[in-house]
Amino acid sequence: MGKQLGLYIHIPFCGSKCDYCDFYSLSGRTERMDDYQKALLTHIKETAPQARGYVVDTIYFGGGTPSCYGEKRVRELLSAIRRRFEVAGNAEITMEANPESVDQKSMARLRRAGVNRISLGMQSAHDDELAALHRPHTFEQVKEAVAAIRGARIKNLTLDLMYGLPGQDMARWRDSVEQAIALQPQHISGYGLKVEEGTPLCARVARGETLPDDDAQADMYLWMVARLEAAGYRQYEISNFAQSGFQSRHNLKYWLTRPYLGFGPGAHSDFGGRRFSFLRDLDGYIDGVLGGKPILDSDDLIPKRERSGEYLMLRLRTTRGIEEWEYRREYFMNFDPIEAKLAEYEHNGWAARDGHRWRLTPIGFLLSNQLIGELLERQESATLETTLPQVRKTPPPDTDGEA
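Residues numbered from 1 in each chain as written. Predicted model: local features only at pLDDT ≥ 70, side-chain atom pairs only at ≥ 80, totals over all residues. Heavy atoms only, no water.

**Structural notes on the overall build of the protein chain**
1) Next: Assigned secondary structure in the protein chain consists of 15 helices and 17 strands.
2) Next: In terms of its C-alpha atoms, the protein chain occupies a principal-axis envelope of roughly 85 × 55 × 45 Å.
3) Next: In the protein chain, which comprises 403 residues, the share counted as buried stands at 51%.
4) Next: When contacts within the protein chain are restricted to residue pairs at least 6 apart in sequence, long-range pairs at least 24 apart make up 70% of them.
5) Next: Counting only carbon and sulfur atoms, one obtains 48% of the accessible surface of the protein chain, whose full area is about 19,100 Å². (Helix = DSSP H or I, 4+ residues; strand = E, 2+ residues; numbered from the N terminus. Buried < 20%, exposed > 50% of the residue type's maximum accessible area, 1.4 Å probe, protein only. Contact = heavy atoms within 4.5 Å. Areas by Shrake-Rupley, 256 points an atom, 1.4 Å probe, with all protein chains shown as cover.)

Okay, structure coming up:
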């Protein structure tokens, strides 16, 4: 079997834009869907020869709202991918969906085309919280969508939840988690609401709207971790929990720095030692692909030393964590300064070790931005010590005190 590769297909269309969303997505642009499909098919055809020798083992349709793109277009894209790439027989093929755009017939057609995992944006079990986010669905529609997905015999379902919402307290958050567990998904994601610059939510907060504070969000997070563990959902990443065998194989590629190719405006790739992304512009992407014009927004060759930083930053998001000899072997760098800092974290209850492997604890995950930043500083200091001339700290015995 060849090297494994993930594909990400960005579908930027939405029925409406949620107030917190800063992903590249658009509402009211359905007239460009057919042209966008042509651009995606062309881009896939042109890119596939670069991936010879790779086996595609994950495909992810993200957005936006892929379920509002039309199952016929998704099936056409899957057919083109299978013609152009070598796709593993057991490939994980995920499609994101919003509850209001799910029906059993389309789900059954998608399953027959190969989609075997649905990521459903539940977010909350309370309609007033959903309305506060400008979500286009109710909790009743969530339950109907889950029934439709199960009726279509799709066996791998993940539900997305959010905490820290306007008007949310611990009791309401607990109820949302319990309602999600009752729907018996194989995977649950729980994300803290972030106020992103330039979003309607950011403007609302600037006008004085309040959200649960950091302490309240921390309590919500830690309760979720314990409750999902008790319910059989094992944490494997800061915000992700799965029953045995149902971890998101595609998302693990990002966190474990495995290669993937992205298609669509704003999509990112990590392939052939390079990280690159495409313009966050639907019209620019379509016109560029179909007209042979540049569509790259960024393109960087990532040196080995920078990869070592990504190793710390991304793998410490997971419960797998980092391992001393893995780090030494892959990056030829001294692990001792990193381990000394991790030992401090262990003393504070922020990290734990198993042999030579280290991971952050749930409390450590809450502080992960700060802790990983400190580890990256240690790594940078260690790098300078190995590349700059060494300064003698005591004079040699035969120099009369001259250093």
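That covers the picture; the talk isn't over yet.
**What to know about the sheet that holds strand 17 (residues 357–360)**
1) Next: Ordered in space as 15-17-16, the three strands form an open sheet in which the pairing is antiparallel. Strand pairing shows two members of the sheet lacking a second neighbour, strand 15 (322–323) and strand 16 (351–354), which therefore form its edges.
2) Next: Pairing of strand 15 with strand 17 involves two bridges; the strand directions are antiparallel. By the bridge assignment, Ile322 is partnered in strand 17 with Trp358.
3) Next: Packing against the sheet, helix 13 (residues 336–347) makes contact with strand 15, strand 16 and strand 17, and its axis sits at approximately 115 degrees to strand 16. (Pairing = 2+ DSSP bridges. Axes fitted to C-alpha atoms, helices over the stretch in contact; angles between N-to-C directions.)

**Notes on the packing of aromatic side chains**
1) Next: One pass over the structure, following the stated rule, counts 17 aromatic pairs.
2) Next: A connected cluster of aromatic rings, assembled from ring pairs, spans Phe13, Tyr36, Tyr69, Phe276, Phe278 and Tyr285.
3) Next: Sitting over the ring of Tyr69, Arg73 keeps its end group 5.2 Å from the ring centre.
4) Next: Its end group placed over the ring of Trp325, Arg328 keeps NZ or CZ at 4.9 Å from the ring centre. (Phe/Tyr/Trp six-rings, centres within 6.5 Å; stacked < 30°, edge-to-face > 60°. Lys NZ or Arg CZ within 6 Å of the ring centre and 35° of its normal.)

**Some words on the pattern of salt bridges**
1) Next: Overall, the coordinates contain 28 salt bridges when judged by the stated rule.
2) Next: The shortest N-O distance in the salt bridge between Arg73 and Asp34 comes to 2.8 Å. In this pair, Arg73 is assigned in helix 2 (residues 71–84) and Asp34 in helix 1 (residues 33–47), connecting sequence segments 39 residues apart.
3) Next: The exposure class of Asp34 is partly exposed, given its relative accessible area of 49%.
4) Next: The partner of Arg328 in a salt bridge is Asp336, and the shortest N-O contact between them spans 2.9 Å. (Salt bridge = Lys/Arg side-chain N within 4 Å of Asp/Glu carboxyl O.)

**Some words on the confidence of the model for the protein chain**
1) Next: With 94% of its residues at a pLDDT of 70 or more, the protein chain shows a mean pLDDT of 90.
2) Next: Per-residue pLDDT stays below 50 along residues 387–403; that stretch engages in five contacts with residues further than four places along the chain or on separate chains. (pLDDT = per-residue confidence, 0-100.)

**Some remarks on helix 13**
1) Next: Compared with the 16 Å implied by 1.5 Å per residue over 12 residues, the 17 Å span of helix 13 between its first and last C-alpha is a close match.
2) Next: For helix 13, the set of buried residues is Pro337, Ile338, Lys341, Leu342 and Tyr345. For helix 13, the buried positions fall inside an angular range of 135 degrees around the axis, keeping them on one side.
3) Next: Just past helix 13, the residue Gly349 takes up positive phi, approximately 85 degrees. (Expected span 1.5 Å × (residues − 1). Arc of directions from axis to C-beta.)

**Examining the side chain of Gln186**
1) Next: Among the secondary structure elements, Gln186 is positioned in the loop between helix 6 (170–182) and strand 8 (187–192).
2) Next: Exposure remark for Gln186: the relative accessible area of 10% places this residue in the buried category.
3) Next: A distance of 3.0 Å separates a polar atom in the side chain of Gln186 from a polar atom in the side chain of Arg150.
4) Next: Among all residues touching Gln186, those that are not within four sequence positions of it are Arg150, Lys155, Asn156, Leu157, Tyr233, Ala242, Gln243 and Phe246. (Polar contact = N/O pair within 3.5 Å; in protein donor to acceptor, adjacent residues only side chain to side chain.)

**Some details on helix 10 (residues 282–291)**
1) Next: Inspection of helix 10 places Leu282, Tyr285, Ile286, Gly288 and Val289 among the buried residues, and these make up the whole buried set.
2) Next: On its buried face, helix 10 sits against strand 2 (13–14), strand 3 (26–27), helix 1, strand 11 (260–263) and strand 13 (274–278).
3) Next: The opening residue of helix 10, the one whose side-chain oxygen lies 3.1 Å from the backbone nitrogen of Asp283, is Asp281.
4) Next: Positioned one or two residues after helix 10, Gly292 has a phi angle of 70 degrees, which is positive.

**A few points about the nonpolar core**
1) Next: Within the largest apolar cluster, 98 residues are counted, with the highest numbers of intra-cluster contacts made by Phe85 and Leu120.
2) Next: The contacts of Phe85, once residues within four sequence positions are left out, are Leu5, Leu7, Ile44, Ala48, Ala51, Val56, Leu261 and Phe263.
3) Next: Within the second largest apolar cluster, eight residues are counted, among which are Cys18, Cys21, Leu193 and Leu201. (Core = buried A, V, L, I, M, F, W, Y, C linked by side-chain atoms within 4.5 Å.)

**Overview of the side chain of Ser67**
1) Next: Mapping Ser67 onto the fold places it in the loop between strand 4 (54–63) and helix 2.
2) Next: Exposure remark for Ser67: the relative accessible area of 13% places this residue in the buried category.
3) Next: A polar contact of 2.5 Å, which involves the side chain of Ser67, links it to the side chain of Ser101.

**Concerning the environment of Glu346**
1) Next: For Glu346, the position within the fold is in helix 13.
2) Next: A relative accessible area of 29% means that Glu346 is categorised as partly exposed.
3) Next: Separated by 14 residues in sequence, Glu346 and Leu360 have C-alpha atoms that sit 8.6 Å apart.
4) Next: The contacts of Glu346, once residues within four sequence positions are left out, are Ala351, Arg353 and Trp358.

**Examining a nonpolar patch on the surface**
1) Next: There is a patch of nonpolar side chains on the surface, built from Leu222, Ile363 and Leu366 and spanning about 220 Å² of accessible area.
2) Next: Residue placement: Leu366 occurs in helix 14 (residues 362–366).
3) Next: Taking relative accessible area as the criterion, Leu366 reaches 35% and is therefore assigned partly exposed. (Patch = residues over 30% accessible without salt bridge, like charges linked within 9 Å, V, L, I, M, F, W, Y side chains within 5 Å.)

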